[in-house]
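Commentary on secondary and tertiary structure
These are the residues of each chain, in order.
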Amino acid sequence: MELTTNDVVLITGGASGLGEATVRSVVERGARAVIIDLPTSHGADLVDELGEAVRFAPADVRSDEELSAAVDLAKDFGTVRAAVACAGVVNPGRIIGKRGVLELDAYRTVIEINLIGTFNLLRLAAEAMASNEPVDGDRGVVVMTASVAAFDGQIGQAAYASSKGGVAGLTLPAARDLADKGIRVMTIAPGIVDTPMMAGLPDETRTSLEAGVPHPSRLARPEEYALLVNQIIANPYLNGEVIRLDGALRMAPR
């Protein structure tokens, strides 16, 4: 399915990192984007920069009311053809660490944002897409974001890895659930991505991370994630699968 100038892509976490790269890619391809991110994010700045093809919907992905309002804004903006779930948090912590047992609220927050927030976008975007006229057999596409931690979770990643494992496990049943609506569901599991957070690491730490990636021996670029999103949207036979975007990386325990 090729996106047109009237098609809208919803992108949670769209004001930074993977989400921002996806927003820019969507606009470059001539479609429209709705940035869904926190009110404190740079969403409004991106709208000022990118112009009329972009809207900002301040929202917490855990909120039914706020995310519903964002989807409504997108429906008024054009035809919702794709949704990309990039919003997420890491919050590392061992189950039993130097400060004692991991707080249940800390675990719950990661699950609520990464897994429940992703499902919230999935269900509301699918509802918006279900009444679309099919294009190449598709009414819409949802792309979720897991992580290699879903499969290779490291020490201190109990919350993060289980949240991303939940996203990976959601992929196939969601694709099967929505097949009769003509809506595809895919998930990308990135490895280590060169985000602003990574830019703050010491050079030796960054070099070590890059050396651990078999080929190419560097960090992934956010633009490569966005490229894969567009390839998923375009290819009508990609459905119900998790694609690792990691340069053949397999994470060690620590």
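Residues numbered from 1 in each chain as written. Predicted model: local features only at pLDDT ≥ 70, side-chain atom pairs only at ≥ 80, totals over all residues. Heavy atoms only, no water.

1. Side note on the nonpolar core
Ranked by internal contacts, the top residues of the largest apolar core, which has 34 residues, are Leu10, Val34, Ile36 and Leu122. The set of elements that each furnish at least two residues to this core consists of strand 1 (7-12), strand 2 (32-37), helix 3 (64-77), strand 4 (79-85), helix 4 (104-129), strand 7 (140-145), helix 6 (158-178) and strand 8 (183-190). Residue contributions to this core peak at seven residues, all from helix 4. Apart from the residues lying within four places of it in its own chain, the contact partners of Ile36 are Leu10, Ile11, Thr12, Gly13, Gly14, Ala57, Ala59, Leu67 and Ala70. Judged by nonpolar contacts, the second largest core, of 28 residues, contains Ile11, Val23, Tyr225 and Leu228. (Core = buried A, V, L, I, M, F, W, Y, C linked by side-chain atoms within 4.5 Å. Buried < 20%, exposed > 50% of the residue type's maximum accessible area, 1.4 Å probe, protein only. Helix = DSSP H or I, 4+ residues; strand = E, 2+ residues; numbered from the N terminus. Contact = heavy atoms within 4.5 Å.)

2. Brief notes about the layout of surface pockets
Empty space within the second largest pocket amounts to approximately 210 Å³. For the second largest pocket, the full set of lining residues is Gly93, Arg94, Gly97, Lys98, Arg99, Gly100, Val101, Leu102 and Glu103. Residues that form the lining of the second largest pocket fall into these classes: two nonpolar, three polar and four charged. (1 Å grid on protein atoms, 1.4 Å probe; cavity = no way out; pocket = protein on both sides within 12 Å on 5 of 7 lines; lining within 4 Å. Points joined across faces, edges and corners; volume = space filled by probe spheres on them. Nonpolar A, V, L, I, M, F, W, Y, C, P; charged D, E, K, R; others polar.)

3. Focus on the pattern of salt bridges
Side-chain pairing between opposite charges can occur once the charged atoms of the two side chains come close. Within the structure shown, the criterion is met by 14 salt bridges. Taking the shortest distance from any N to any O, the salt bridge between Arg81 and Asp7 comes out at 3.6 Å. Placement of the pair is Arg81 in strand 4 and Asp7 in strand 1, with a sequence separation of 74 residues. Neither Arg81 nor Asp7 differs from the other in exposure class; each is buried. Of the charged contacts, one joins Asp105 and Arg108 as a salt bridge, the two residues approaching to 2.6 Å between their closest N and O atoms. Here Asp105 pairs with Arg108, and both are found in helix 4, just three residues apart, close to one helical turn. Taking the relative accessible area as the measure of exposure, Asp105 reaches 52% and is therefore exposed. Exposure remark for Arg108: the relative accessible area of 38% places this residue in the partly exposed category. A single network of salt bridges, built from pairs that share partners, joins Asp152, Arg244, Asp246 and Arg250. (Salt bridge = Lys/Arg side-chain N within 4 Å of Asp/Glu carboxyl O.)

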